[in-house]
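# Observations on the three-dimensional arrangement
Chain residues, written in single-letter form:
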Amino acid sequence: MKYLTSLASAWFVYTLSTCLPSPAYAQDGAAAAPKKEPAPVEAPAKDAPPPSPAGAPTVAAPAPGASAAVAEPAPAAPEASAVAAPTSEKPAALAPEKSASPASEPPPPSAASTAVPPEVPVAAAAAAPEDVESTDSFSGQLGSHQDHWFAWLGVRNDYVHDSTFDLFADNDALTVFSVGAGRTVWVSGNLSVAALGLWEIGSRSADTRGNEMSLRVQRLELAPEVRYHLHYRLYGFGRLGLGAEHVHGTLTNELFNGDLVSNSWAFAGDLAAGAAIQFVGNAAGEKRRPRGWLVAEGGYSLVTSTTLSFEADDSAPERAASDELGDLNLSAPFFRLALLGTY
Amino acid sequence: MMKQLLRMGLVSVGLLSACGERADKWDAPAGEARSMGLVGAAAILDAPLHRVIMVTSPSRYEVGTHSFDVGKNVAVMAASEDRDTLFVLSKGVQPRRNPGDELPSVTVIDAAPSPSLAHRFELTDPMQQLAVDPREEWLVAFKGDSTVTNPNEFVLLPLKGAEARQSVTIRSFGGVPEEVVFTDELVVPGGPDRRFLIVRTDRDIALVDLRELESEEVTVQTPSTSQGAQARPAQVVFDPGRPASDDDFGDPARIGVRLEGEPDVMLLELGEPAEGSTRDFKINFNIVNVGGVPSAIEFVHTDFGLRLAALVPGRSDAKLIDPTTTVVESVAFPKPYSKLTRVEAAEGEFALLYSPDVSGIAFWALGRASGTLSKSVEQNEIDLSVSAVRDVPGSFSHLKILEGDQATRFFVLDLEQRQTFPMLTETQGFTVNVAPDGRRAWAFHRARTEFASVELSDLHPTSLSVKVPVSAVYDIEREDGTRAALALHGTDNARRQGTLGVTLFDAEEPDSADTRFFGGLLMEGL
């Protein structure tokens, strides 16, 4: 277990180091933007008029590689203005508007800005498809990174250390697949609460003393999840799941080539913690866009004991007594990987 | 990057999955599952898990199981004569290299009224054979099985009293023990009556005094054969003798020995000890030629006294040897019978003669055997070559069950009426078990689902049917005195894959429509 814990930690660190962009914490709407949010990439046209000095202070668009709170006028701004402006007599005014579009702060009042019609950025963005990237960069608003509908597809591995479980498996692993959906129900700053509904299914089987024995478990669970966004692409969470688990066991008795079946229900609960990393999706939180997340979590699953009482089917000899094979307790620590799609 | 993540995730899941291998017991095969019927339970040897499962029936529709560890490498599983105790000899871990490695042992399990562990003897060396005293006073483990063994060593384990276990090595003239016979109390001229352990080796006979284990045993070598080799003892019988009284000289205890392939029979007598001898007896020994190779010998009591009867099938006769004078009388039989069973009946003692090679049986009246020899044999022509005669205990002890090899019938022999009642079976190969209470017999076939109970009071057969082929049937007693029949499935090398099962019947009123099936016996107690 120590080894596994180390491995999981190493994996987590590795994932962070390879998946995350450069420092980009921007929850409060700071002007900084991640490196991956490029500024307009077109080189400034030689014949483009220089940016208006008056507009320069209002420009919040980062230059490539810029990390300072206040950037110099982007070289692309004239290009953008050249493309977007229907006329060339207002380049100074257009450039700052274009580059200011992702910024959260309103431009300071100036002669140039007041002269610009408010619909121009929209028009500019619409008219310049090559600039979508720049318009979808993270603005500092978590928005739909945090407040979203989501669907879940995962695989969980339980480490079941129950001796009765050994009837069905030659090791302690119980792998179950999870499908679920949910919605963020409450948001406050970086903190949010989501509600999740899960259906899980998994099975094991083994040859036990000449009997083919199999176990199938299904779980329905409702789980409130508390999240804290460390970054718009990363959040940690804790979850308490409550639900019911159906345990279905079969025992193939080759004396009469028939099956004996055990069905039972148990109360189940999960206490889990983990992290989710957004690996695909639009950076702009204001827009409701589909996004993909990778979720890794660990925890403990608490399940009440169920009695395995195998009842014979019609192929069994008449008046076959049930095979009582003891109590099964599927409580176990677990580790889960999941793909989360949000919208 | 995604591929890396996926790979690492799979590795993580894989590592978790590999944790916690299950206990070996779940992977143990079913094994041959040898079974044995006892008074209150059926014993099933679960050799792969080194245990015996005792199957009982606490009430009419219930089956109970009790599991007992009996040690690794079970060599012998034997029941006492009254079938209320089970003895299991195991060899333990061999070779034994660690202090925790299990020693060879003998486990004693009481089967009635409720199975319980009575005792466990640990041995220092593994043995291959176990002899059970019919009186349950002694167990003898012999025939060592290790790198260096002393085949003439016997480990005597006391089942009653405070005697300590004792290891005895008999004197050897190169022989290897083959069988041990526990005697009754034999009359010993110079001391109190006592029991002996007679060891039959491949070339001599040794008498171990069970009253004085420290005393040296008496060894009697067999005569040489015509080829010059030492004759091989094939059978040992004894007569306890009759103690002398004021008006009776009594009879000394005698031992008869049949020799393999030889026409000679050895007669040993426990006579008066020689003067100055430290022993209480002296062995007097005679060799009697019976004119042919005998197939069986037995001490019988005739109107003229004790005789040693020797069947000589090659001559279709028997010889009656007067052990005092060694005079031999012949009794001609209509058929070459090779086996006999001595029977006590109201009209006197007689022998039941039979043979697996010829059909029919004969009653040989021993009381009038001498003097009226021609009238002493009564032939009964039955269409069966009898290979085994099963006793019926209890109130129907005048009945015998006659079985043949691969026959489509068996017979119930009424010794009082001298009548034989055929019981026909659908196919060959039926096995017959007699209930310990002697009230019924069970006939079953290992590959069939039909079997039958035969009520011995009126010989009424009740046909029964189950869904799974029957491998054995045992009639056991419940704690409340009622009886249950356990029809086992999958035991005793039955053709199967997987678990064992049992169908429970009411033995006294068996009915196929009133049963209960229990599967998964091998899972019980794990």
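The sections below set out a description of the structure shown in this document.

The rules behind these values
- Residues numbered from 1 in each chain as written.
- Chains lettered and ligands numbered in written order.
- Predicted model: local features only at pLDDT ≥ 70, side-chain atom pairs only at ≥ 80, totals over all residues.
- Heavy atoms only, no water.
- Helix = DSSP H or I, 4+ residues; strand = E, 2+ residues; numbered from the N terminus.
- Buried < 20%, exposed > 50% of the residue type's maximum accessible area, 1.4 Å probe, protein only.
- Contact = heavy atoms within 4.5 Å.
- Areas by Shrake-Rupley, 256 points an atom, 1.4 Å probe, with all protein chains shown as cover.
- Core = buried A, V, L, I, M, F, W, Y, C linked by side-chain atoms within 4.5 Å.
- Pairing = 2+ DSSP bridges.
- Axes fitted to C-alpha atoms, helices over the stretch in contact; angles between N-to-C directions.
- Polar contact = N/O pair within 3.5 Å; in protein donor to acceptor, adjacent residues only side chain to side chain.
- Phe/Tyr/Trp six-rings, centres within 6.5 Å; stacked < 30°, edge-to-face > 60°.
- Lys NZ or Arg CZ within 6 Å of the ring centre and 35° of its normal.
- Salt bridge = Lys/Arg side-chain N within 4 Å of Asp/Glu carboxyl O.

## A closer look at the overall build of chain A
What chain A contains, in helices and strands, is six helices and ten strands. In chain A, which comprises 343 residues, the share counted as buried stands at 49%. By sequence separation, contacts in chain A at least 24 residues apart represent 69% of the contacts at least 6 residues apart. Accessible surface, chain A as shown: approximately 15,400 Å² in total, 63% of it carbon and sulfur.

## Here's the deal with the nonpolar core
Formed by 32 residues in total, the largest nonpolar core has its most connected members in Trp 442, Phe 451 and Leu 486 of chain B. Residue contributions to this core peak at five residues, all from strand β38 (residues 483–489) of chain B. Look past the residues within four positions of Leu 486 of chain B in its chain and what remains in contact with it is Ala 42, Val 55, Ala 472, Val 473, Tyr 474, Ile 476, Val 502, Thr 503 and Leu 504 of chain B. Of all hydrophobic cores here, the second largest spans 30 residues; its members include Leu 167 and Val 247 of chain A together with Trp 26 and Met 523 of chain B.

## Looking at the sheet that holds strand β30 (residues 399–404) of chain B
Residue and element names in this part refer to chain B. Strand order in the open sheet formed by four strands is β29-β30-β31-β32, and the pairing between neighbours is antiparallel. On the outer flanks of this sheet lie β29 (386–391) and β32 (419–424), each paired with one strand and no other. The mean angle between the axes of side-by-side strands here comes to 25 degrees, regardless of whether they run parallel or antiparallel.

## What to know about the environment of Arg 232 of chain B
All names here are of chain B. For Arg 232, the position within the fold is in the loop between β16 (218–221) and β17 (233–239). The class of Arg 232 is partly exposed, set by a relative accessible area of 33%. Note: C-alpha distance between Arg 232 and Ile 255 (23 residues apart in sequence) is 16 Å. Each residue touching Arg 232, except ones within four places of it in the same chain, is listed here: Glu 178, Asp 202, Arg 258, Leu 259 and Glu 260. Separated by 2.2 Å, the side chains of Arg 232 and Glu 178 make a polar contact.

## Thoughts on the sheet that holds strand β8 (residues 116–122) of chain B
Residues and elements named next belong to chain B. Pairing is antiparallel in the open sheet, where four strands are placed in the order β5-β6-β7-β8. The open sheet has two edge strands, β5 (74–79) and β8, and neither has a second partner. Averaged over neighbouring strand pairs, the angle between their axes works out to 15 degrees when direction is ignored.

## A look at unusual backbone geometry
Residue and element names in this part refer to chain B. Positioned with a positive phi, Ser 316 is a non-glycine residue whose angle comes to about 50 degrees. Here Ser 316 lies in the loop between β22 (305–312) and β23 (317–321). For Ser 316, a relative accessible area of 23% translates into the label partly exposed. Of note in the backbone geometry, Thr 326 takes a positive phi value of approximately 60 degrees without being a glycine.

## Focus: the packing of aromatic side chains
All names here are of chain A. The full count for this structure, using the stated rule, is twelve aromatic pairs over all chains. Every member of this aromatic cluster is reached through a ring pair, and the members are Tyr 235, Phe 237 and Trp 293. Across from the ring centre of Phe 334, 5.1 Å away, lies the NZ or CZ of Arg 156, which sits over that ring. Lying across the ring of Phe 150, Arg 227 places its NZ or CZ 4.8 Å from the centre.

## Considering the pattern of salt bridges
In the structure shown here, the tally under the stated rule is 49 salt bridges over all chains. Glu 178 of chain B is the salt-bridge partner of Arg 200 of chain B, the closest N and O atoms lying 3.3 Å from each other. Taken as a pair, Arg 200 of chain B in strand β14 (residues 196–201) and Glu 178 of chain B in strand β13 (residues 177–182) lie far apart in primary sequence, 22 residues in all. The exposure class assigned to Arg 200 of chain B is buried, which follows from its relative accessible area of 11%. Between Glu 349 of chain B and Arg 342 of chain B there is a salt bridge; the shortest N-O distance is 3.9 Å. Salt bridges here are not isolated pairs; linked through shared partners, they connect Arg 156, Asp 158, Glu 200, Arg 219, Glu 221, Glu 225, Arg 227, Arg 239, Glu 245, Asp 270, Glu 297 and Arg 336 of chain A.

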